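Notes for the structure review
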Amino acid sequence: MPETAPLPLDPRAIRLDADAGSRDDAIRQAGQALLAAGAIDPSYIDAMLERERSISTYVGEGVAIPHGTLAGKEAVHHDAISVVRFPRGVDWDGERVVLCIGIAAKGNGHVELLSELADILMDPGRAEALREAPDPEHVIRLMQPVREETFE
């Protein structure tokens, strides 16, 4: 079984005590975190907002995963994710979001990133730990794929 690669998460793309006045503000902050990590050009943030206008990126359990449109891929330098936590929550079209995970990916990289994120977020223990992580290093550890032990 091939090993899953670590998620592309730079400590500069992690914000654990953010505050947003709106969904769009939260998306901009997730995009700014990707920008701080050198993953995107500023125009990608507009592509993230455009995607949200066409389909919600809220996935449930207080989590949203905003990402850009197909046209925005040209503004992506390298695959990356950002993690922005809103302890006080932000209204996301009637839902309360506390964890916003931005995605920037070249080609079809977003498919693999979304799959890896789903594995992490579908584990209630890991998702809870992520919502309460005390520092960026803890977030990075939690966001890595679980390695399965193999016995020969």
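Being a predicted model, the structure only gives us computed values, none of them experimental. Each residue is numbered by its place in its chain's sequence as written, counting from 1. Only residues with pLDDT of at least 70 are given local features in this predicted model, and only at 80 or more are side-chain atom pairs given and counted; all residues enter the totals for whole chains, interfaces and linings. In computing side-chain values, all of the structure's heavy atoms are included and hydrogens and water are not.

1. Some words on the overall build of the protein
Selection criterion: Note on conventions: DSSP H or I runs of at least 4 residues are helices, E runs of at least 2 residues are strands, and numbering of each starts at the N terminus. Only heavy atoms matter for contacts: two residues are in contact if any of them lie within 4.5 Å across the pair. All accessibility values rest on the Shrake-Rupley procedure with a 1.4 Å probe; residue burial counts only the protein chains present in the view.
Along its length, the protein carries 5 helices and 5 strands. From first element to last, N terminus to C terminus, the protein shows the α and β order β-α-α-β-β-β-β-α-α-α. Pairs at least 24 residues apart make up 65% of the contacts formed inside the protein by residues separated by at least 6 positions. Accessible surface, the protein as shown: approximately 8000 Å² in total, 52% of it carbon and sulfur.

2. A word on the nonpolar core
Counted only if it meets this: Nine residue types can take part in a nonpolar core, namely buried Ala, Val, Leu, Ile, Met, Phe, Trp, Tyr and Cys, and a core is a set of them joined through side-chain atoms within 4.5 Å. Residue exposure (1.4 Å probe, protein chains only): buried if accessible area is under 20% of the type maximum, exposed if over 50%, otherwise partly exposed.
Counting 27 residues, the largest nonpolar core has L34, I40, Y44, V84, F86, V90 and W92 as its most contacted members. If you list the elements that add at least two residues to this core, you get α1 (23–36), α2 (43–54), β4 (80–92) and β5 (95–104). Those residues in contact with V84 that lie beyond four places of it in its chain are R15, A18, Q29, A30, A33, V98, L99 and C100. The next biggest cluster of nonpolar side chains, apart from the first, holds 21 residues, and it includes L7, V63, I103 and A133.

3. Some points on the pattern of salt bridges
Keep this limit in mind: Each reported salt bridge corresponds to a side-chain nitrogen of Lys or Arg within 4 Å of a carboxyl oxygen of Asp or Glu.
Within the structure shown, the criterion is met by 6 salt bridges. Ionic pairing is found between D24 and R23, a salt bridge with its closest N-O pair at 2.9 Å. D24 gets classed as partly exposed once you look at its relative accessible area, which sits at 22%. Note on R23: relative accessible area 16%, which makes it buried.

4. Re the pairing of β5
Going by this rule: By definition, two strands form a pair when at least two bridges between them are found by DSSP.
In terms of burial, β5 is a largely internal element, 8 of the 10 residues being buried. When strand β3 (residues 63–64) meets β5, the two strands line up parallel, connected through 2 bridges. Directly across from V63, in β5, lies its bridge partner L99. Inspection of the sheet shows β4 paired to β5 by 9 bridges, in the antiparallel sense.

5. Details of the packing of α1 against α2
Counted only if it meets this: Orientation is described by axes fitted as lines to C-alpha atoms, over the contacting stretch for helices, and by angles from 0 to 180 degrees between their N-to-C directions. Working rule for handedness: look at the near helix, and if it is turned counterclockwise from the far one by less than a right angle, call the crossing left-handed; if clockwise, right-handed. Lys, Arg, Asp and Glu make up the charged group, whereas Ala, Val, Leu, Ile, Met, Phe, Trp, Tyr, Cys and Pro make up the nonpolar group; the residues left over, Gly among them, are polar.
Between α1 and α2, the shortest axis-to-axis distance is 9 Å and the interhelical angle comes to 145°. When you trace α1 past α2, the crossing you get is right-handed. Of the residues in α2, those in contact with R23, D24, I27, R28, A30, G31, Q32 and L34 of α1 are Y44, I45, M48, L49 and E52. Taken together, the residues that form the contact of α1 with α2 break down as 7 nonpolar, 2 polar and 4 charged.

6. A few points about the side chain of T69
Tracing the sequence through the fold places T69 in the loop between β3 and β4. Of the residues examined, T69 reaches a relative accessible area of 12% and is grouped as buried. Those residues in contact with T69, other than ones at most four positions away along the chain, are A47, E50 and R51.

7. Section: the layout of surface pockets
Keep this limit in mind: Whether a set of points on the 1 Å grid over the protein atoms alone is a cavity depends on a 1.4 Å probe fitting there but being unable to get out, while an open set qualifies as a pocket with protein on both sides within 12 Å along at least five of seven lines; lining residues are those with an atom within 4 Å of a point. Grid points are joined across faces, edges and corners, and a volume is the space filled by probe spheres set on the points.
If you add up the space inside the second largest pocket, you get close to 250 Å³. At the level of elements, β2 (58–60), α3 (109–121) and α4 (124–131) are the ones that each hand at least two residues to the lining of the second largest pocket. Element by element, the count of residues in the lining of the second largest pocket is highest for α3, at 4 residues. Of the residues assigned to the lining of the second largest pocket, the class counts are 10 nonpolar, 1 polar and 2 charged.

8. Section: the environment of R15
Applicable threshold: Pairs of N or O atoms within 3.5 Å make up the polar contacts considered here, provided that, within protein, one atom can donate a hydrogen while the other can accept it, and that residues adjacent in sequence are counted only when both atoms are side-chain atoms.
Summarising the element assignment, R15 is placed in strand β1 (residues 9–15). Relative accessible area serves as the criterion here: at 32%, R15 is assigned to the partly exposed category. With near-sequence residues (within four places) excluded, R15 lies in contact with Q32, A33, A36, V83, V84 and R85. Among the polar contacts made by the side chain of R15, one reaches the main-chain carbonyl oxygen of R12 at a distance of 2.5 Å.

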